[in-house]
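Here are the chains, one letter per residue:
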Amino acid sequence: MTRRERILAELGLTPLWLHRRRLDSLRTASDSPRHSTSHVTMPEPHTGQAVRPVEVMDWKELTEAVATCRACALHKNRKQAVLGVGDKEADWMFVGEGPGAEEDARGEPFVGQAGKLLDNMLSAIGLKRGNNVYIANVVKCRPPGNRNPAPAETQACQSFLDRQVALIQPRLIVALGKVAATTLLACGGTLGSMRNTVHDYRGIPLIVTYHPAYLLRSLTDKAKAWEDLCFAVETMSGLSTAARSVG
Ligand code: SF4
C-alpha cells in the first residue's frame, strides 16, 4: 500500500476514489500579485496604552492584542486565546470555527482528534501543518461547551482574522465548516450550497468544505470532503498556471 493509499484509508476514503487527477502541483509561484490590505475595524481598547488599529498591526501587536482581548464574552472562560499556527507566508490558509478544550489548553488550533483528521487531510493533498500552510479560527477564544460562536462573537473577533489574512496574503483560503464560510463570506446558506464554488474573500479565492469535527461524526461526508480538497488543489494549480502565464 502506498503512502497516499494509507492516508486515504485512514480518512475512510478507500476504496472510493473520486478524482484521479494528479495532485503534484501544490506549491505555487511566489511572485504573483497578492491582494491589498483589508479594511478592518479596531476592537475596544482594554488597556490604558495607546493601541494601533488592528488593520495596521504587525504580528507582534496582533498577538498581544488577541492575548489580552476582552471584546466579547468568550474571554471570560478561556485559558488562553488561540491566534493561529503555521507558515506566516503560506499559500494555503485553513480557517475553522473556534478553539476546543485541547486547543484552549495548548494554545494551538486543531490539536485534538479533529486536528489529527485535518493533518491527515492535509497530507492527503501533499501539505503539512506549518509548511506553506497556516491554520486559524474565526474566534480566538473557546466557546463554552464547544457551542458555535454567536454572531456577536464572530463579529467582535473578525478584525483579527481579517488582519491575519492581510498579513499572510494566502493564495487560497479553505473555510472549514459553515461558521467559517458564512463569517468570511458574510452570507447565509447551507454548507452544501457553498461547496463546489470558488468564492471570493477580498480578492482571494475561497473554497468551502466540512469541518473536521463534523467529519468525525459523519463518515459518509468524508468522500465529499475529499472532493472539496481535490477541487481546492485544482483551483490552486489553476492559480499557479495563471501566474506563470502572466510572468
Ligand atoms: Fe477577543 Fe476574539 Fe477572544 Fe472575543 S473571541 S475575547 S473578540 S479574541
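Predicted model, so just to flag it, every value in this text is computed and none were measured.

Colleague: Residues and numbers for the sheet that holds strand β3 (residues 133–137), please.
Modeller: The mixed open sheet is built from six strands, whose spatial order is β1-β3-β2-β4-β6-β5. The open sheet is flanked by β1 (84–86) and β5 (199–201), the only strands paired with a single partner. Ignoring strand direction, the axes of neighbouring strands in this sheet form an average angle of 25°. Taken together, the five bridges between strand β2 (residues 92–96) and β3 define a ladder with parallel strand orientation. The partner of G96 across the bridge, within β3, is N137. Running over the sheet, helix α4 (residues 113–124) touches β2, β3 and β4 (172–176) and is turned about 150° from β3.

Colleague: If you had to explain the layout of surface pockets to someone new, which residues and values would you point to?
Modeller: There is about 570 Å³ of room inside the largest pocket. For the lining of the largest pocket, the element with the most residues is helix α8 (residues 212–217), which contributes four residues. Of the residues contributing to the lining of the largest pocket, the split by class is 11 nonpolar, 10 polar and six charged.

Colleague: So, empty space enclosed by the protein: which residues are in play, and what are the values?
Modeller: For the coordinates displayed, the defined rule picks out two cavities of 30 Å³ or more. Of the volumes computed, that of the largest cavity is approximately 100 Å³. Forming the boundary of the largest cavity are 15 residues, of which C69, C72, C141, C157 and F160 lie nearest the centre. Per-element accounting of the lining of the largest cavity gives the leading share, four residues, to helix α5 (residues 151–168).

Colleague: Just give me the short version of the packing of aromatic side chains, but keep the residues and values in it.
Modeller: Summed over the entire model, instances satisfying the criterion amount to three aromatic pairs. Both rings, one in W59 and one in Y134, keep their centres 5.8 Å apart while their planes meet at 40°; by these two values the pair is tilted. Of this pair, W59 sits in helix α2 (residues 59–67) while Y134 sits in strand β3, and the two are 75 residues apart along the sequence. Given a relative accessible area of 15%, W59 falls into the buried group. Both rings, one in W92 and one in F94, keep their centres 6.0 Å apart while their planes meet at 10°; by these two values the pair is stacked. We note that W92, like F94, is buried. We note K88 situated over the ring of W59; from NZ or CZ to the ring centre the distance is 4.8 Å.

Colleague: Tell me about the site of the ligand, and name the residues and values.
Modeller: As a structural note, the neighbourhood of the ligand is formed by C69, A71, C72, L74, H75, R78, K140, C141, A156, C157 and F160. Of all the cavities here, the one that holds the ligand is the largest cavity. Residues belonging to the shell around the ligand are distributed by class as follows: eight nonpolar, one polar and two charged.

So, how was this worked out
- Residues numbered from 1 in each chain as written.
- Predicted model: local features only at pLDDT ≥ 70, side-chain atom pairs only at ≥ 80, totals over all residues.
- Heavy atoms only, no water.
- Pairing = 2+ DSSP bridges.
- Helix = DSSP H or I, 4+ residues; strand = E, 2+ residues; numbered from the N terminus.
- Axes fitted to C-alpha atoms, helices over the stretch in contact; angles between N-to-C directions.
- Contact = heavy atoms within 4.5 Å.
- 1 Å grid on protein atoms, 1.4 Å probe; cavity = no way out; pocket = protein on both sides within 12 Å on 5 of 7 lines; lining within 4 Å.
- Points joined across faces, edges and corners; volume = space filled by probe spheres on them.
- Nonpolar A, V, L, I, M, F, W, Y, C, P; charged D, E, K, R; others polar.
- Phe/Tyr/Trp six-rings, centres within 6.5 Å; stacked < 30°, edge-to-face > 60°.
- Buried < 20%, exposed > 50% of the residue type's maximum accessible area, 1.4 Å probe, protein only.
- Lys NZ or Arg CZ within 6 Å of the ring centre and 35° of its normal.
- Near = heavy atom within 4 Å.
- Sits in = over half its atoms within 2 Å of the grid points.

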